[in-house]
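Architecture and fold: a report
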Amino acid sequence: MKNFIIVRFAIILAVIFFLSCFPVGAEDVEKCFQCHNKISEFENLNSLKKIESITSSEFVSSMHVKIGCTGCHSDAIKFPHDKKHGKVNCSACHSNIEEEYSNSVHGKSSGNGDEDVAKCIDCHGYHNTRSVKDIHSPIFPYNLPLTCGKCHDNTSMMLRHRVNVQTPYKMYVETVHGKGLFKAGLLVSASCKDCHGVHNIKKKEDVDSLITFNNIPKTCGKCHIKVLEEFKASVHGQVWIKGGKNAPTCVTCHLPHQVVATDRKDYKLSIIQTCGSCHRDLMKTYRSSYHGKITSLGFVEVADCVDCHHYHNTFPGSDPRSITSQKQILATCRKCHPNATTNTTKFLNHADPHNRHKYPQLFYVWASMNLLLFSVFTFFGIHTVLWLIRGLYEKRKNGNQKNVKSVIGDNKEDTGERS
Amino acid sequence: MVSSVYYQRFDPFHRFLHILVMISFLGLAITGLPLKFHYTGWAVMLANLLGGFKSAGYLHRLCAIITFFYFFAHLFSVAAFLWKKKRGQILRFLFGPESPIPSFQDFKDMVNHIRWFLGKGPEPKWDFWTYWEKFDYWAVWWGVIIIGLSGLFLWFPMLFTRYLPGWLCNIAVIIHSDEALLAIGFIFSIHFFNTHLRPEKFPMDTVIFTGAITEEEMKEERSLLYERLKSQNTLDKLRIHAPLPEIVRLYKIFGLGALIIGISIIITVIWTEITIMFR
């Protein structure tokens, strides 16, 4: 009996002694910091390239303090630990995220041995991992774009990995979303994560990517709900829904890293080119109208494509939902011309005077005017040339005498009758 | 040297109207061309130089008002002139040598003039009006009416479309734009040649500003006029003082300024039209 108690006690002591050799849980932090808090002496202990120094405040305020150092550095449990130890494996706890990540473009590259590509610690940090809700976290919405930008604005790195987008962070800062986030502090403003995802980032060409042609409207539509509804009903949206590729989606008109306020002058002028890239003939006929000429000169105070055709809820003119339909066109003109009448709407927008079949009255007016100009200039052109030749001949014949006309005012004796 | 004797060919009112024509015409051309050639770089620069499209539009319409003014001023002056004459005198005037109305004689003159160009006949003799001057005169009537009416349509589209169909605006644009091109093309090349660049006149004929021609000139250039007035004994009535050399210099500067602007415009337009063909 006595022996049993002693043995049990000894076992307990042994366990305690045993356990005290292994720093585990929060208490282990202090043990590890006996060495790892001193920068100078143990600088060569920092085997990972990016580590600066481990300060206690850094780690203690991080999310992982509860699991201490060995929660991640599981091969350092023995105290003192071996000199060499392996990389930390986040998937030990975060296995579902690891799975998502391994299918992402970053994960696949990393799996292929790419050292540059973003891994867990590049976005989350390592000793200072904080919650996404923590304002100091590199993944806090306010900070996330810069975190992505650390690599994606590095032009030489992007060139190496054949990523075509130039300095997206710098561009993003100037966008409507960027300004909403950084200037107005609107955390809900779309940033990298909202369009590209976080752990599931895929290339645009990848069918599961959030930014494919098929998915982009839905991605934007997460926030721009009403716009998505309007777009789906529109003639462009219908093409997109049915899988057709020759219709614009959000990014056709709103360049994703250059989304600007739509009332900006340069945007308004560029949208004409955007619409015109598909609707070539309509842009040409627009350009020959007064509105089109004014915008061509660089002024925006007149109607452009979207003023008459709207933007997300575009319909063909034959559709009664279109604002250029018979029923709605007068109201559309009246947006700028309040005194417009039904007769005014009989103005032929996008008329092409060169098209004899569609616009005969315009064609014949145009043709007659051209004929008039041609005849007048041809006749008088020849007349003038012949006169010039004869005039020069006369001048040479008369020995280049001074013209009678040109002496007026030159002859100082030309005082005339002054009585 | 015997001092020259000067006769009046154009009275002050006509000379004033012609200055208005010059100023408004150049103004209309400068403010209108950026719109017609909106796709060129020079049009963008000019539009901005004019203060933007609204400002250019206001200036364009201001010049249009001046145009309507001289048009009606001339119309009323002609009416008043004819009103003062007796019935028989009106017809005699309208079909006489001082009338701007084209006659068969003018057609004959033109044919003979071209013959002379080709060395196939003598140079015709001229009276008060030559055929090309009559053409210039009526071209302004035609131009102001056509360009003015279509322009009014474009200036007040809402007002006009209250009573007329909107597609007339489409037609108005074509007419206005093309007729204006004809006008500036004609004036800045052919009219300028007739009055400035002809070897006999080079560098310019100041009569339209001073109203005065010398006796020598009349004998030389308008022999029929000289003979006619001499035989009617009305020549001396037209005698005037010689224009002051300082005034003449001013007129020359003004005239040459207009010439330079006009020629710059026509060269730019021709250059643009040529380069379009190779776009």
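Thresholds applied
- Residues numbered from 1 in each chain as written.
- Chains lettered and ligands numbered in written order.
- Predicted model: local features only at pLDDT ≥ 70, side-chain atom pairs only at ≥ 80, totals over all residues.
- Heavy atoms only, no water.
- Disulfide = S-S within 2.5 Å.
- Buried < 20%, exposed > 50% of the residue type's maximum accessible area, 1.4 Å probe, protein only.
- Pairing = 2+ DSSP bridges.
- Helix = DSSP H or I, 4+ residues; strand = E, 2+ residues; numbered from the N terminus.
- Contact = heavy atoms within 4.5 Å.
- Buried area = accessible area lost by both parts, 1.4 Å probe.
- Salt bridge = Lys/Arg side-chain N within 4 Å of Asp/Glu carboxyl O.
- Polar contact = N/O pair within 3.5 Å; in protein donor to acceptor, adjacent residues only side chain to side chain.
- Nonpolar A, V, L, I, M, F, W, Y, C, P; charged D, E, K, R; others polar.
- Patch = residues over 30% accessible without salt bridge, like charges linked within 9 Å, V, L, I, M, F, W, Y side chains within 5 Å.
- Areas by Shrake-Rupley, 256 points an atom, 1.4 Å probe, with all protein chains shown as cover.
- Core = buried A, V, L, I, M, F, W, Y, C linked by side-chain atoms within 4.5 Å.
- Axes fitted to C-alpha atoms, helices over the stretch in contact; angles between N-to-C directions.
- Parallel < 35°, antiparallel > 145°, perpendicular 65-115°, else oblique.
- Left-handed = near helix turned anticlockwise from the far one by under 90°.
- Phe/Tyr/Trp six-rings, centres within 6.5 Å; stacked < 30°, edge-to-face > 60°.
- Lys NZ or Arg CZ within 6 Å of the ring centre and 35° of its normal.
- pLDDT = per-residue confidence, 0-100.

**Remarks on the state of the cysteines**
Residue and element names in this part refer to chain A. The full count for this structure, using the stated rule, is zero disulfides over all chains. Residue cysteine 305 stays outside any disulfide, its sulfur separated by 3.9 Å from that of cysteine 275, the closest cysteine. Overall, the relative accessible area of 16% leaves cysteine 305 in the buried class. Of the cysteine sulfurs around cysteine 333, a residue in no disulfide, the closest is that of cysteine 308, at 6.8 Å. Relative accessible area serves as the criterion here: at 22%, cysteine 333 is assigned to the partly exposed category.

**Quick look at the sheet that holds strand β2 (residues 212-214) of chain B**
Residues and elements named next belong to chain B. If you walk across this open sheet you meet the three strands as β2-β1-β3, and the pairing is antiparallel. The two strands at the open ends of the sheet, each matched to only one other strand, are β2 and β3 (239-240). In this structure, strand β1 (residues 6-8) lies alongside β2, joined through three bridges in antiparallel fashion. Bridge pairing in β2 links tyrosine 6 to threonine 214.

**Details of the interface of chain A and chain B**
With 58 residues of chain A at the contact, the number on the chain B side is 70 residues. The contact between chain A and chain B buries some 5,700 Å² in all, and 69% of this surface belongs to carbon and sulfur atoms. Counting the contacts that link chain A with chain B gives zero salt bridges. On inspection of chain A and its partner chain B, the count reaches ten residue pairs in polar contact (both at pLDDT 80 or more). Elements with a minimum of two residues in the side of chain A that touches chain B: α18 (290-296) and α21 (360-397) of chain A. It is α21(A) that contributes the most residues to the side of chain A that touches chain B, 23 residues altogether. Along the lines of polarity and charge, the residues of the side of chain A that touches chain B split into 26 nonpolar, 19 polar and 13 charged.

**Considerations on a nonpolar patch on the surface**
Residues and elements named next belong to chain B. Together, Phe156, Leu159, Tyr163 and Leu164 make up a nonpolar patch on the protein surface, roughly 390 Å² of accessible area in all. As for its placement among the helices and strands, tyrosine 163 is situated in the loop between α7 (157-160) and α8 (167-197). On the accessibility criterion, tyrosine 163 (61% relative accessible area) is exposed.

**Describing the pattern of salt bridges**
All names here are of chain B. This structure, assessed with the given rule, holds 19 salt bridges over all chains. Close ionic contact of arginine 228 with glutamate 98 constitutes a salt bridge, the shortest N to O distance being 3.3 Å. Of this pair, arginine 228 sits in helix α11 (residues 223-232) while glutamate 98 is found in the loop between α4 (87-94) and α5 (104-117), placing the two residues 130 residues apart along the sequence. Classification of arginine 228 by relative accessible area gives buried; the value is 16%. For glutamate 98, a relative accessible area of 28% corresponds to the partly exposed category. Across the pair glutamate 200 and arginine 198 runs a salt bridge whose closest N-O atoms are separated by 2.9 Å. Residue class for glutamate 200 comes out partly exposed when judged on its relative accessible area of 24%. On the basis of relative accessible area, arginine 198 is assigned to the buried category, the value being 9%.

**Thoughts on the nonpolar core**
Counting residues in hydrophobic clusters, the biggest one holds 25 residues, and the most contacted among them are B:Leu33, B:Leu181, B:Ile184, B:Phe188, B:Ile265 and B:Val269. Counting residues per element, the ones that place at least two in this core are α21 of chain A together with α1 (12-36), α8 and α12 (245-277) of chain B. With eight residues, the single largest contributor to this core is α8(B). With near-sequence residues (within four places) excluded, B:Leu33 lies in contact with B:Trp42, B:Ile184, B:Ile265 and B:Val269. Core analysis: the second largest hydrophobic core is formed by 21 residues, B:Val5, B:Tyr70, B:Trp129 and B:Leu235 among them.

**As for the packing of α1(B) against α12(B)**
Residue and element names in this part refer to chain B. Here α1 crosses α12 at 30°, and the two axes come no closer than 11 Å. Put simply, α1 runs roughly parallel to α12. Judged by the sense of rotation from one axis to the other, the crossing of α1 with α12 is left-handed. Of α12, the residues touching α1 (which contributes Ile19, Met22, Ile23, Leu26, Ala29, Ile30 and Leu33) are Phe254, Ala258, Ile261, Gly262, Ile265 and Val269. Split by residue class, the contact of α1 with α12 holds twelve nonpolar, one polar and no charged.

**Some thoughts on the packing of aromatic side chains**
The description of an aromatic ring pair rests on the distance of the ring centres and on the angle between the ring planes. Residues and elements named next belong to chain B. Within this structure, the stated rule accounts for 36 aromatic pairs over all chains. Note on tyrosine 137 and tryptophan 141: the rings are 6.4 Å apart at their centroids and 65° apart in plane angle, and the pair reads as edge-to-face. On the criterion of helical spacing, the pair formed by tyrosine 137 and tryptophan 141 is a turn pair, its members being four residues apart in helix α6 (residues 131-155). Grouping residues by exposure puts tyrosine 137 and tryptophan 141 together as buried. An aromatic cluster of three or more residues is present, and its members are Phe71, Phe72, Phe76, Phe128, Trp129, Tyr137, Trp138 and Trp141. Here arginine 9 stacks its cationic end above the ring of phenylalanine 128, 5.4 Å away from the centre of that ring.

**Section: the confidence of the model for chain A**
Residue and element names in this part refer to chain A. For chain A, the mean per-residue pLDDT works out to 86, and 86% of the residues sit at or above 70. Every residue in residues 39-53 scores below 50 in pLDDT, and together they form 13 contacts with partners more than four places removed in sequence or on other chains. Counting contacts from residues 406-419, a segment whose pLDDT is below 50, to residues more than four positions away or on other chains yields 31 contacts.

**A short note on the environment of B:Leu33**
Inspection of the secondary structure puts B:Leu33 in helix α1. Judged by relative accessible area, which is 8%, B:Leu33 ranks as buried.

**Digging into the environment of B:Leu20**
Residue and element names in this part refer to chain B. One can find leucine 20 in helix α1. Each C-alpha atom of the pair leucine 20 and isoleucine 66 lies 7.0 Å from the other, and the pair is 46 residues apart in sequence. Other than its neighbours up to four places away in sequence, leucine 20 contacts Ile66, Phe69 and Tyr70.

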